Amino acid sequence: MSPHVNLSAPLAAARHIGTRGIPAGTRTVAHKFGGSSLADAGCYRGVAAILRDQAEDRQIAVVSAMQGVTDALIALAQDAASGTGDWRAAAGSLRERHLAVAGDLLGGQAGPTQAWLDASHAGLADLLQALAVLGFPAREALERIQGLGEVWSARLLSALLVAQGAECAMLDAREVLTVRHGELGVAVDWDDSARRLADWRDGHPQARVIATGFVARDADGRPTVLGRNGSDYSGAIFAALFGACELNIWTDVDGVLSADPRLVPEAVPLAAMSYEEACELAYFGAKVIHPQTMLPAMALGLPIRIRNTFRPNHPGTCIGAAETPPMPVKGLSLADNLALVNVEGAGMIGVPGTAERVFAALRSAGVSVVMISQGSSEHSICCVVRAGDVERARSGLAAAFAAELADGQIQDIAVTAGISVLAAVGDGMAGMPGVAARLFASLGRARVNVRAIAQGASERNISVALAGADAARALRAAHAGFWLSPQALSVGLIGPGNVGRALIEQIREAAPRLQRDTRLDLRVRAIAGSRQLWTDERGELPADWQRRVAAGGEAADLDRFAAHVHAPHLPHAVIVDCSASAAVAARYPDWLAAGIHVVTPNKQAGAGPLALYRAIRAAAEAGGARWRYEATVGAGLPVIQTLRDLLDTGDELVAVEGILSGTLAWLFNRYDGSQPFSALVAEAHALGYTEPDPRDDLSGLDVARKLVILAREAGQALELADVAVESLVPAAVRDLPREAVPAALAAIDEDIARRHARARAAGKVLRYVARLDRSGARVGLVEVAGDQAFAHLRLTDNIVQYTTRRYASNPLIVQGPGAGPDVTAAGVFADLLRLGAALGARL
Ligand SMILES: NC(=O)C1=CN([C@@H]2O[C@H](COP(=O)(O)OP(=O)(O)OC[C@H]3O[C@@H](n4cnc5c(N)ncnc54)[C@H](O)[C@@H]3O)[C@@H](O)[C@H]2O)C=CC1
Ligand SMILES: N[C@@H](CC=O)C(=O)O
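Keep in mind that what you see is a predicted model, and the values were worked out from it rather than measured.

A. Representation of the sheet that holds strand E26 (residues 653–659) in the model. If you trace the 6 strands from one edge of the open sheet to the other, you get E27-E29-E28-E26-E30-E31, paired in mixed fashion. Both outer strands of the open sheet, strand E27 (723–725) and strand E31 (812–817), are each paired with one neighbouring strand and no more. Between one strand axis and the next, the sheet turns through 25° on average, direction left out of account. Inspection of the sheet shows E26 paired to strand E30 (residues 797–804) by 6 bridges, in the antiparallel sense. Note that in E30 the partner of isoleucine 659 across the bridge is isoleucine 799.

B. Expanded view of the site of ligand 1. In the vicinity of ligand 1 lie 30 residues, with Gly495, Gly497, Val499, Ala580 and Pro692 positioned nearest. Secondary structure elements with two or more residues in the shell around ligand 1: helix H17 (498–518), helix H20 (582–585) and helix H32 (821–838). Among the residues forming the shell around ligand 1, the class breakdown is 15 nonpolar, 13 polar and 2 charged.

C. Quick look at the nonpolar core. Membership of the largest hydrophobic core comes to 260 residues, with the highest contact counts inside it found for Val341, Val384, Leu422 and Leu707. The biggest single contributor to this core is helix H7 (residues 148–163), with 9 residues. With residues near it in sequence (within four places) discarded, leucine 422 still touches Leu332, Leu334, Val464, Leu466, Ala471, Ala474, Leu475 and Ala478.

D. A look at the sheet that holds strand E19 (residues 488–494). Judged by pairing direction, the sheet is mixed, and its 7 strands sit side by side in the order E22-E21-E20-E19-E23-E24-E25 without closing on themselves. Each edge of the open sheet is held by one strand with a lone partner, namely strand E22 (554–555) and strand E25 (627–628). Where strand E20 (residues 521–528) meets strand E21 (residues 532–535), 3 bridges bridge the pair, whose relative direction is antiparallel. Paired with alanine 526 across the strands is threonine 535, a residue of E21. Against the sheet, H17 engages E19, E20 and strand E23 (572–577), with an angle of about 155° to E20.

E. Layout of the pairing of E19. E19 sits mainly inside the fold: 7 of its 7 residues count as buried. Of the two faces of E19, the one carrying Ala488, Ser490, Gly492 and Ile494 and the one carrying Leu489, Val491 and Leu493 are both buried. As judged from the 7 bridges shared by E19 and E20, these two strands associate in the parallel manner. Bridged to serine 490 within E20 is arginine 523. Where the polypeptide runs from E19 across H17 and back to E20, its parallel neighbour, the crossover connection is right-handed.

Conventions and cut-offs
- Residues numbered from 1 in each chain as written.
- Chains lettered and ligands numbered in written order.
- Predicted model: local features only at pLDDT ≥ 70, side-chain atom pairs only at ≥ 80, totals over all residues.
- Pairing = 2+ DSSP bridges.
- Helix = DSSP H or I, 4+ residues; strand = E, 2+ residues; numbered from the N terminus.
- Axes fitted to C-alpha atoms, helices over the stretch in contact; angles between N-to-C directions.
- Near = placed C-beta within 6 Å.
- Nonpolar A, V, L, I, M, F, W, Y, C, P; charged D, E, K, R; others polar.
- Core = buried A, V, L, I, M, F, W, Y, C linked by C-beta atoms within 7 Å.
- Buried ≥ 20, exposed ≤ 12 C-beta atoms within 10 Å, placed from the backbone.
- Contact = placed C-beta atoms within 7 Å.
- Right-handed = clockwise from strand over helix to strand, strands pointing away.

Geometric values such as these leave the question of function open.
Here's what the structure looks like:
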């Protein structure tokens, strides 16, 4: 970069003068503290502690004004000059604020500092009065006033350090730093500044210096300021003049982030970057450091560290570090409030000098061009300008090309307002194929239309102009494309009941391992209950997630829920339905058609009306999304997967028979006539084995649903009504509201006791069995001989026997616990992992 060439010689000479008399090997470090680090007395104490804790031999600290003071001073000057506002009262409160901070910091020793501040504020009042008389904001007075905040701030900090016994000198930069204001900004007179500083040092040999940022003197010795971000620039200038080996810029963030965290919650802090990357990022959006600030540091190769005053142990971001991590894209930035100007016409093709005329016209109109793009057809030149410049740009171009517009050689000078530019920046993209592809693929997935593109031959920045309305979505999508795993899965859970809660705990426990070992990045970003909806951007659930979901939720709204889960910036989305709701199941076709995967233990879809089942299958096919429901039969057991494997490998199902209800298995395993059957039902409910309404188990409906799911898996168009079902629910309980069921359920006890006694007398046991074969589908309570496999189950064990063409005389058996929140959640989780594997996770 040119600054190396232009600046390094005068700077090296200035450094030589500035470090005169300092022993070789002395380590000097420069620090700069912004207004956010100096908001109140507590902040000054924090800054003093940071300075005292540093290990360097010599220290130069450059300070901004207290937070908000520079803006207040500018407003004061303008109000006084224009005769508006109560500027006297405002000046009074500024004085009070500084006196109060001095009193707080220095206590009994505050007298001299307060007297000094008082005198300085009296000078300010005189200046304001002069402006009020003049009636216009005379530049010299304005610059003198604007810089006072830094002078007060440096005085406060140095007085505090001295009061704490830490030796230091205060340097008013207006005494030594000589600058000129030119068309390209402020230029430092390095030679003059270095000589003045050396003279000042003769009278101030202290190892620690507190200097004013932002202010300087002009060639005639009049006070002036360095412009916006001037304090950072002062930091870099004094780092150079004092011979510092490093510049620390202390602010209120942990360093430079990969993107604006207000728009991209997943933005990550960057440990290191080159000066060039920092310049590119700073230009748009990343306001941590201004490129001009870096010029002296770049010329001398000084590392600049961005650090957090409020977390001083955080390493921050090192700009210009010897080694920066090899990442193709280091950061993304966004500029808003722009417009596209497109000069288009067949008459431009192959005509030398057209581009020169376009840019000359824009220069004459005083328009700075943000981005340029021209296709190789030369049919149009398009550039991006700031929204406030667009009318000047249009009329300037219209005047410059008036003749060509009149005779049709130029067809149009078109302006599109409401444009943003997204820039992907990184030294590492040079020579690396695929970076642009990744950026544009991410934007495409988020359905962002790209209006114009620019990439220079340095290959350090790809800039994309797009509609402002798409900007935030584009930024998040691009960020996900570079920083998130391609297997990042936005998870939304419906029904945080027994199974849902267990599932979330399992995900929380496994997520870090899965991300590390398989790249599957599960982010639970939304949880919907029947009454509340909770959403989160990042999807990293805290330990007290249940409390937050219950406390912080909004009203349940499945449309909002699905929209949040289906975040365009995340590569994949899945809805996990852990409710038992038919209304929720009816939403699956829409979700699947939109590309949202669905995983569920809810049987209402798989065993729902055939029309819904078919619509779900068709939608999944059309949307490319997957519907997985292993836990609907046998909870965590591989019942459906086993059947699929049999069928997919060409086998043929002859019959399926089994005990498919964990609840009924447990009830009849436990029941021995010594206690009422209804008491055991209540216990099964409390253990989380039953359906939300236990009548679904006792009526055989739950078992019938499972049989329908298996039949459909085997290709049969079975409806629930086609299953012959024996219900155990007494007629008196069937139509009661759910809350009334527990009290009424004793009505079941007598019948079960009688049937149990009869079976026992015959040397048999009662089992609720399901069977599907060529003669049809039926579920009911049967007496099973004591030597049969079905008689020897434990607890909630399910057993499924597949008789197939291959497994004809000796059926294939799947057996194990078939109900309970943990095993069911594990079955759902296994489906999620299978989905992850299909999306490319290394599972
Ligand atoms: N518990 C078990 O052993 C097994 C359960 N299943 C199935 O898992 C699902 C959940 O079962 P559990 O957790 O035991 O039931 P649960 O009653 O404990 O939880 C269901 C949750 O869904 C919520 N919910 C109901 N309707 C909703 C709606 N429209 N929108 C949002 N949330 C709604 C309820 O408020 C509740 O939080 C059911 O479909 C069940 O059939 C499947 C296999 C085994
Ligand atoms: N209530 C059901 C739960 C699983 O589907 C059962 O008991 O099997």
